[in-house]
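Structural characterization, general
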Amino acid sequence: MRYILASKSPRRKDLMKYISSDFLIAIEDIDESSSYNLSPVEAVKEIAKRKGEAVYKSYPKDLIISADTIVVLNNKIIGKPKDEIDAMKILKELSNQTHYVYTGFAIHYQGKLIVDAVETKVIFNKLNDELIKDYVKSGSPLDKAGAYGIQDNDNFPIIKNIIGSYDNVVGFPVKEIKEKIEEIVK
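In this text the structure is predicted, and so the values were computed from the model without any measurement.

1. Notes on the overall build of the protein
Helix and strand counts for the protein stand at six helices and seven strands. Taking 16 Å as the expected radius of gyration for a compact globule of 186 residues, we find that the protein reaches 17 Å, a close match to that expectation. With respect to the three principal axes, the spread of C-alpha positions in the protein is 50 × 35 × 25 Å. Long-range pairs, those at least 24 residues apart, make up 67% of the contacts in the protein with a sequence separation of at least 6. Carbon and sulfur atoms provide 46% of the accessible area of the protein, an area that totals close to 9600 Å². A gap of 1 Å separates the mean positions of the 28 positive and 28 negative side-chain charges of the protein.

2. Points about the packing of aromatic side chains
One pass over the full model with this rule turns up three aromatic pairs. Residues Y135 and F156 carry aromatic rings whose centres are separated by 4.8 Å and whose planes lie at 45° to one another, so their mutual orientation is tilted. Placement of Y135 in helix 4 (residues 129-137) and of F156 in the loop between helix 4 and strand 7 (159-163) is noted, with a sequence separation of 21 residues between them. The class for Y135 is buried, based on a relative accessible area of 0%.

3. What about helix 6 (residues 174-184)?
Every buried residue of helix 6 is listed here: V174, E176, I177, K180, I181 and I184. One side of helix 6 holds all its buried residues, which, seen down the axis, span an arc of 160°. Opposite the packed face of helix 6, turned more than 90 degrees from it, sit the exposed residues K175 and E182. Looking at the packing, one finds that the buried side of helix 6 touches strand 1 (3-5), helix 1 (10-16), strand 3 (63-73), strand 5 (98-109), strand 6 (112-124) and helix 5 (166-170).

4. Describing the confidence of the model for the protein
With 99% of its residues at a pLDDT of 70 or more, the protein has an overall mean of 95. Across the protein, strand 6 holds the top mean pLDDT of 98, while strand 4 (residues 76-78) sits lowest at 90.

5. Quick notes on the environment of K80
Residue position: K80 is located in the loop between strand 4 and helix 3 (84-94). Taking the relative accessible area as the measure of exposure, K80 reaches 57% and is therefore exposed. On a C-alpha basis, the gap between K80 and D154 in space is 21 Å, while along the polypeptide they are 74 residues apart. In contact with K80, not counting residues within four places along its chain, are D86, D143, K144 and A145.

6. A few points about the pattern of salt bridges
A complete count under the given rule lists 13 salt bridges for this structure. In this structure, K45 engages E42 in a salt bridge whose closest nitrogen and oxygen atoms are separated by 3.7 Å. Taken together, the residues span about one helical turn, with K45 and E42 both in helix 2 (residues 40-56) at a distance of three residues. You can call E42 partly exposed: its relative accessible area is 39%.

7. Overview of the environment of R11
Mapping R11 onto the fold places it in helix 1. Residue class for R11 comes out buried when judged on its relative accessible area of 16%. Placed 70 residues apart in sequence, R11 and P81 show a C-alpha to C-alpha distance of 17 Å. Leaving out residues up to four positions away in the same chain, R11 has contacts with D143, K144, Q151 and V170.

8. Examining the packing of helix 3 against helix 4
Running from N to C, helix 3 and helix 4 point in directions that differ by 140°, and their axes come no closer than 10 Å. The angle between helix 3 and helix 4 places the two elements in the oblique class. The hand of the helix 3/helix 4 crossing is right-handed. Side by side, helix 3 and helix 4 meet where E84, A87, M88, L91 and K92 of the first sit next to D129, I132, K133, Y135 and V136 of the second. A per-class count over the contact of helix 3 with helix 4 returns six nonpolar, no polar and four charged.

Reading the values: the criteria
- Residue positions are given per chain, counted from 1 along the sequence in the order it is written.
- In view of the model being predicted, local features appear only for residues whose pLDDT reaches at least 70, and side-chain atom pairs are presented and counted only at 80 or more, with totals across whole chains, interfaces and linings using the full set of residues.
- No hydrogens and no water enter the side-chain calculation; it runs on all heavy atoms of the structure.
- Counting from the N terminus, the helices are DSSP H or I runs at least four residues long and the strands are E runs at least two residues long.
- With C-alpha atoms as the basis for the radius of gyration, the globule rule is written as 2.2 Å multiplied by the number of residues raised to the power 0.38.
- It only takes one pair of heavy atoms within 4.5 Å for two residues to be counted as in contact.
- In short, Shrake-Rupley with a 1.4 Å probe defines the accessible areas, and a residue's cover is counted only from the protein chains shown.
- Charge assignment: positive for Lys and Arg, negative for Asp and Glu; neither His nor the chain ends contribute.
- In plain terms, the charge of a residue is placed at NZ if it is Lys, CZ if Arg, CG if Asp and CD if Glu.
- Note on aromatic contacts: the rings of Phe and Tyr and the six-membered ring of Trp form a pair at centre separations within 6.5 Å, being stacked when their planes are under 30 degrees apart, edge-to-face when over 60 apart, and tilted otherwise.
- Accessible area is worked out with a 1.4 Å probe on protein chains only. A residue is then buried under 20% of its type maximum, exposed over 50%, and partly exposed in between.
- Directions from the helix axis toward the C-beta atoms define the arc.
- Per-residue confidence from the prediction method is given by pLDDT, with values spanning 0 to 100.
- When a carboxyl oxygen of Asp or Glu is within 4 Å of a side-chain nitrogen of Lys or Arg, the pair counts as a salt bridge.
- Here an angle of 0 to 180 degrees is reported between the N-to-C directions of two axes, which are lines fitted to C-alpha atoms, with helices fitted over the stretch in contact.
- Should an angle fall under 35 degrees it is called roughly parallel, over 145 degrees roughly antiparallel, and 65 to 115 degrees roughly perpendicular, with every other angle called oblique.
- We call a crossing left-handed when the near helix sits turned anticlockwise from the far one by less than a right angle, and right-handed when that turn is clockwise.
- In this classification, Asp, Glu, Lys and Arg are treated as charged, Ala, Val, Leu, Ile, Met, Phe, Trp, Tyr, Cys and Pro as nonpolar, and every other residue, Gly included, as polar.

Below, the structure is given as C-alpha cells:
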C-alpha cells in the first residue's frame, strides 16, 4: 500500500512521517469558497474531503490523506492572514482569549472514504504589542490559520494552555488519523 499526502504544508509533511516513512505528496487545487457557508466543523471536513477526492482521481489504488485546519473565535472563522498587518490584527483578537482549532481530515482508499474532524481548545496568553510585532516580523504567522503556530510557542510565548490534541493545532492529528487508517484498510 502506498501513502499519498494531499497537502503542501511542511508541518503536515513532518507529522506524516509518524504515519509512514514512505509517502508521496500530490496536490490538486480546489475551490474552498463553497464550504464557507457551512459550520466550522462541516467546512473543514468538506474541504479535506474535496482535496482528497481531487488527488484520489489520479491515484485510485493508493491511500490518500488530506486535511484542512481552521481557527474559530466566538463562532467566527479566522483563516490565514493576508499580510503582516492582518496577522497583527488577528493576534490582537486572539490575545487573552480562548478559541478552537478544528482539523478535518479525509482518508480515501480503494473506493472507501472516512471523513472526520478533531477539535482542540486553545487558550492564549495576554500578548503585548512588542511580542506581536516580533512574532509577525519572524514571518512564521503568515502561512498559518489564526496567524500562529503552536510549535513557535517556545520562542514566542503566545499560548497559555491547550485542551486536546497538540498535533491537531499543528494541523494534522496523527493519533486520530492512524486510528481511521486502521479502520479503512481492514
